[in-house]
Amino acid sequence: MSNKYIYLDNAATTKTAKEVVDAMLPYFTESYGNPSSIYGLGQKSKSAVDEARQTIADSLGANSNEIYFTAGGSEADNWALKACAEAYEAKGKHIITSAIEHHAISHTCDYLVKRGFEVTYVGVDEYGIVKLDELKAAIRPDTILISIMFANNEIGTIQPIKEIGEIAKEKGIIFHTDAVQAYGQLPINIDEYHIDMLSSSGHKLNGPKGIGFLYIRKGLKLRSFVHGGQQERGRRAGTENVTGIVGLQAAVKRAFSIMEEKTKKEIELRDHLIKRISEEIPHCRLNGDAKKRLPNNVNFSFRFIEGESMLIMLDMKGICASSGSACTSGSLDPSHVLLAIGLPHEIAHGSLRLTVSEENTIEEMDFVVDELKRIIENLRNMSPLYEDFIKKN
């Protein structure tokens, strides 16, 4: 099986679906007009952009004029936080987020702190679920924004978004959610969850890279994020990425049409992996909530080993996996998410994230677990920590 890749890093990016590529191709070479042009070729592009905006709005129960295209999830997160801070700073300069957010949120918060804002990082329990009592206690008269991710990109935990939205609405606070991992995987209705802003990225749901969107509820007084032309109703200048937008629309249509069967298949693969790893590899720990987790996410920590060596050895067997967020793969520090759920440094370092897709098979999962068992056994045999542990026990 090692002559082909077994791709288990779908939280980092997904394969662009064939129907998405097919939808995009004409907009490279035939319908390549600028949507701002008044002649037919440009208007064809404009129609395609408008249609895509409507498709995305419908998927969330929103209006099309509340959807703004971005270059991806990180830009959407930056826009939501920076523009909200700027627009509402007269009301207050306090923001609430969680200890396990993606760096697109936490690093933007760091940026805002340097500009005089205060940020409270609400803790999570051992499964990575935000502590609602701590969230409520953190609210102050000058709190202008709560930003909590819909589902965690590393451990897959799904947050109590409806309850958080209700808390924010009751207190008159704007509520943003980074839904990059959840959108297209889970049904989301912005009114049901009381969401005021939502970020998403195309390449997490079999769409192209370099395209995403930010949902901004009508009535929010957010200013322009990119200055220049009148694109995106004057809030984000720059010629629209028509091919990317068309690709995103095709990916959204596909994701929502197959969501039920895809979820069922992914849960089957996920639970098979979790069961075998839990039962057959000693001294391991499942990270994240066993039930309230994304259908495709498996995250384990293995004691007495170092994650990077495990990833290299899996790669040699043709298995694509990660130790956490793809955005921090160059970092030697243990994941802030795993530290936030209470793992000590040495255990957090030995973590593995496997994120499946509906294209994977049970046979592939079995191959992965069989190889993983050998790899971990080999790495532990070289570990002085493991040697000490065996001697003591």
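Look a little higher up for the structure.
Nothing here was measured: the structure is a model prediction, and the numbers come from that model. Per chain, residue numbering runs from 1 following the sequence as it is written. The predicted origin of the model limits local features to residues at a pLDDT of at least 70 and limits the giving and counting of side-chain atom pairs to 80 or more, whereas totals for whole chains, interfaces and linings rest on all residues. The side-chain figures draw on all heavy atoms in the structure; neither hydrogens nor water molecules are used.

Engineer: Go over the overall build of the protein chain with me, naming the residues and quoting the values.
Structural biologist: Secondary structure elements follow DSSP: runs of H or I no shorter than four residues count as helices, runs of E no shorter than two count as strands, and numbering proceeds from the N terminus. Within the protein chain one finds 13 helices and 12 strands. Between the two quantities, the radius of gyration covers C-alpha atoms and the globule rule is 2.2 Å times the number of residues to the power 0.38. Compactness check: the protein chain gives a C-alpha radius of gyration of 22 Å against a globular reference of 21 Å for 393 residues, within 12% of the reference. Each of the three principal axes of the protein chain carries a C-alpha extent, and together these read 75 × 55 × 35 Å. A simple rule labels every residue: compare its accessible area, found with a 1.4 Å probe on the protein chains alone, to the largest value its type can have, and call it buried under 20%, exposed over 50%, or partly exposed in between. Looking at the protein chain as a whole, 57% of its 393 residues qualify as buried.

Engineer: Describe in detail the pairing of strand E6 (residues 174-178), supporting the description with residues and values.
Structural biologist: Successive side chains on a regular strand alternate, one facing one side of the sheet and the next facing the other. The buried fraction of E6 is high, at five of five residues. Residues Ile174, His176 and Asp178 line one face of E6 and the alternating positions Phe175 and Thr177 line the opposite face, and both faces are buried. Should DSSP find at least two bridges between two strands, the strands are taken to pair. Judged from the three bridges that link them, strand E5 (residues 143-147) and E6 form a sheet pairing that is parallel. Bridge pairing in E6 places leucine 145 opposite isoleucine 174. Here E6 pairs with strand E7 (residues 197-201) via three bridges, running parallel. Residue pairing for E7: aspartate 178 is matched across the bridge by serine 199.

Engineer: Tell me about the sheet that holds strand E3 (residues 94-98), residues and numbers included.
Structural biologist: Read across the sheet, seven strands follow the order E2-E8-E7-E6-E5-E3-E4 without closing on themselves; strand pairing throughout is mixed. Every other strand in the sheet has two partners, leaving strand E2 (67-70) and strand E4 (118-122) as the edge strands with one partner each. Averaged over all pairs of adjacent strands, the angle between their axes in this sheet comes to 20 degrees, without regard to strand direction. Should any heavy atoms of two residues lie within 4.5 Å, those residues are considered in contact. Axis geometry follows a simple rule: fit a line to the C-alpha atoms, using only the stretch in contact for helices, then measure angles between N-to-C directions, giving values from 0 to 180 degrees. Running at roughly 155 degrees to E6, helix H7 (residues 161-171) makes contact with E5 and E6 of the sheet.

Engineer: For helix H12 (residues 362-381), give the residues involved together with the corresponding values.
Structural biologist: Here H12 spans 29 Å end to end across 20 residues, near enough to the 28 Å set by a 1.5 Å rise per residue. For H12, the complete set of buried residues consists of Glu364, Met365, Phe367, Val368, Val369, Glu371, Leu372, Ile375, Ile376, Leu379 and Arg380. Multiplying 1.5 Å by the helix residue count minus one yields the expected span of that helix.

Engineer: Explain the side chain of serine 98 residue by residue, including any values.
Structural biologist: Within the secondary structure, serine 98 sits in strand E3. Within the structure, serine 98 has its side chain in polar contact with the backbone nitrogen of isoleucine 100 (distance 3.2 Å). We call two N or O atoms a polar contact when they sit within 3.5 Å, provided that within protein one can donate a hydrogen and the other can accept it, with sequence-adjacent residues counted only if both atoms are side-chain atoms. Side-chain polar atoms of serine 98 contact the side chain of glutamate 101, separated by 2.7 Å. Beyond its immediate stretch of four places on either side in the chain, serine 98 contacts Tyr121, Val122, Val130, Ser147 and Ile148.

Engineer: Describe the environment of threonine 355, listing the residues and the values that go with them.
Structural biologist: Following the sequence through the fold, threonine 355 ends up in strand E12 (residues 351-355). Look at threonine 355 and you get buried, because its relative accessible area is 1%. Spatially, the C-alpha atoms of threonine 355 and glutamate 266 are 9.1 Å apart, while their sequence positions differ by 89 residues. When residues no more than four places from it in sequence are discounted, the contact partners of threonine 355 are Tyr7, Leu8, Asp9, Asn10, Ala11, Asn296 and Asn297. Here asparagine 10 takes part through its backbone nitrogen, which lies 2.8 Å from a polar atom of the side chain of threonine 355. A distance of 2.9 Å separates a polar side-chain atom of threonine 355 from the backbone nitrogen of alanine 11.

Engineer: Would you mind going over the environment of tyrosine 68 in detail, with residue names and values included?
Structural biologist: Relative to the helices and strands, tyrosine 68 resides in strand E2. Taking relative accessible area as the criterion, tyrosine 68 reaches 5% and is therefore assigned buried. As for tyrosine 68 and leucine 214, which are separated by 146 residues in sequence, their C-alpha atoms are 5.2 Å apart. For tyrosine 68, the residues in contact, after removing those within four places along its chain, are Arg53, Trp79, Gly212, Phe213, Leu214, Ile216, Glu232, Arg233 and Arg235. For tyrosine 68, the side chain forms a polar contact with the side chain of arginine 235, separated by 2.8 Å.

Engineer: Could you give an account of the packing of helix H3 (residues 40-60) against helix H8 (residues 242-280), with specific residues and numbers?
Structural biologist: One can describe the packing of H3 onto H8 by two numbers: an axis separation of 9 Å at closest approach and a directional angle of 35 degrees. As for the relative orientation of H3 and H8, their crossing is left-handed in sense. Residue-level inspection shows Ser45, Ala48, Val49, Glu51, Ala52, Thr55, Ile56 and Ser59 of H3 in contact with H8, the latter providing Val242, Ile245, Val246, Leu248, Gln249, Val252, Lys253 and Phe256. Think of it as three bins: nonpolar holds Ala, Val, Leu, Ile, Met, Phe, Trp, Tyr, Cys and Pro, charged holds Asp, Glu, Lys and Arg, and polar takes everything else, Gly as well. Taken together, the residues of the contact of H3 with H8 break down into 10 nonpolar, four polar and two charged. Rotating anticlockwise by less than a right angle from the far helix to the near helix defines a left-handed crossing, while the corresponding clockwise rotation defines a right-handed one.

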